[in-house]
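As a plain string of letters, each chain reads:
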Amino acid sequence: PRIQEQGAGVLRNMSVSAPHGKIMIADGAVPLLVELLKVQDLKVQEQAAATLRNLSATPENRPALVQAGALPLLIELLSSPEEKIQEQAGVALRNLSDTVK
């Protein structure tokens, strides 16, 4: 989990920049991030959820997150024992709510 946490942290830092986020999506990072949401380590989940939150801030990125199956996992994370994870998941879901019609 430590390496997963660090890798997700790097992606989180990159995802703050919209151009980097676009590259991350084109290069297939979203399915990996969705898988990291399933890891039973709170730090990994927080980094992955925060990265998805950052990516979801750009409207063009939102369909890729939905198509990768992020919605059910983000909803599940709203019940996380860790408040930071709940916050990241909640903001991502709020952003994605503009996509799902």
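Let me begin by describing the structure that accompanies this report.

## Brief notes about helix H4 (residues 42–56)
Then comes step 1: The end-to-end C-alpha distance of H4, which contains 15 residues, comes to 21 Å, matching closely the 21 Å that a straight helix rising 1.5 Å per residue would cover.
Then comes step 2: Burial of H4 is extensive: 12 of the 15 residues sit out of reach of the surface.
Then comes step 3: Every buried residue belonging to H4 is among Val 44, Gln 45, Glu 46, Gln 47, Ala 48, Ala 49, Ala 50, Thr 51, Leu 52, Asn 54, Leu 55 and Ser 56, and all of these are buried.
Then comes step 4: Check the buried side of H4 and you find it contacts helix H1 (2–15), helix H2 (18–26), helix H3 (29–36), helix H5 (62–67), helix H6 (70–77) and helix H7 (83–96).
Then comes step 5: Where H4 begins, one side-chain oxygen reaches toward the backbone nitrogen of Lys 43, 3.1 Å away; that side chain belongs to Asp 41.

## Here we look at the side chain of Asn 61
Then comes step 1: With respect to the secondary-structure elements, Asn 61 resides in the loop between H4 and H5.
Then comes step 2: Those residues in contact with Asn 61 that sit more than four places away from it in its chain are Gly 21, Lys 22, Ile 25 and Leu 55.

## Re H7
Then comes step 1: The terminal C-alpha atoms of H7 lie 20 Å apart, and with 14 residues this matches the ideal 20 Å at 1.5 Å per residue to within 8%.
Then comes step 2: Buried residues belonging to H7 abut H1, H4, H5 and H6.

## A closer look at the nonpolar core
Then comes step 1: By size, the foremost hydrophobic cluster in this structure holds 25 residues, and its most contacted members are Leu 33, Leu 36, Leu 37, Leu 52, Leu 65 and Leu 74.
Then comes step 2: Taken together, the elements giving at least two residues each to this core come down to H1, H3, H4, H6 and H7.
Then comes step 3: Ignoring sequence-local partners within four residues, the contact set of Leu 65 consists of Ile 25, Val 30, Leu 52, Leu 55, Ser 56, Ala 70 and Leu 96.

## Side note on the packing of H1 against H2
Packed helices, taken two at a time, are described by the angle between their axes plus the distance between the axes.
Then comes step 1: Across the interface, H1 lies against H2 with an axial gap of 7 Å and an inter-helix angle of 130 degrees. One finds that H1 runs oblique with respect to H2. Residues Leu 11, Met 14 and Ser 15 of H1 form the contact with H2, whose participating residues are His 20, Gly 21 and Met 24.
Then comes step 2: Among the residues forming the contact of H1 with H2, the class breakdown is 3 nonpolar, 3 polar and no charged.

## What to know about the pattern of salt bridges
Then comes step 1: Scanning all chains against the criterion turns up 3 salt bridges.
Then comes step 2: Close ionic contact of Glu 35 with Lys 38 constitutes a salt bridge, the shortest N to O distance being 2.9 Å.

## Observations regarding the side chain of Thr 51
Then comes step 1: Among the structural elements, Thr 51 can be located in helix H4.
Then comes step 2: Engagement of the side chain of Thr 51 in a polar contact is seen with the backbone nitrogen of Arg 12, the distance being 3.2 Å.
Then comes step 3: Every residue in contact with Thr 51, bar those within four places of it in the chain, is listed here: Ala 8, Leu 11, Arg 12, Ser 15, Met 24 and Leu 33.

About the cut-offs
Residues numbered from 1 in each chain as written. Predicted model: local features only at pLDDT ≥ 70, side-chain atom pairs only at ≥ 80, totals over all residues. Heavy atoms only, no water. Helix = DSSP H or I, 4+ residues; strand = E, 2+ residues; numbered from the N terminus. Expected span 1.5 Å × (residues − 1). Buried < 20%, exposed > 50% of the residue type's maximum accessible area, 1.4 Å probe, protein only. Contact = heavy atoms within 4.5 Å. Polar contact = N/O pair within 3.5 Å; in protein donor to acceptor, adjacent residues only side chain to side chain. Core = buried A, V, L, I, M, F, W, Y, C linked by side-chain atoms within 4.5 Å. Axes fitted to C-alpha atoms, helices over the stretch in contact; angles between N-to-C directions. Parallel < 35°, antiparallel > 145°, perpendicular 65-115°, else oblique. Nonpolar A, V, L, I, M, F, W, Y, C, P; charged D, E, K, R; others polar. Salt bridge = Lys/Arg side-chain N within 4 Å of Asp/Glu carboxyl O.

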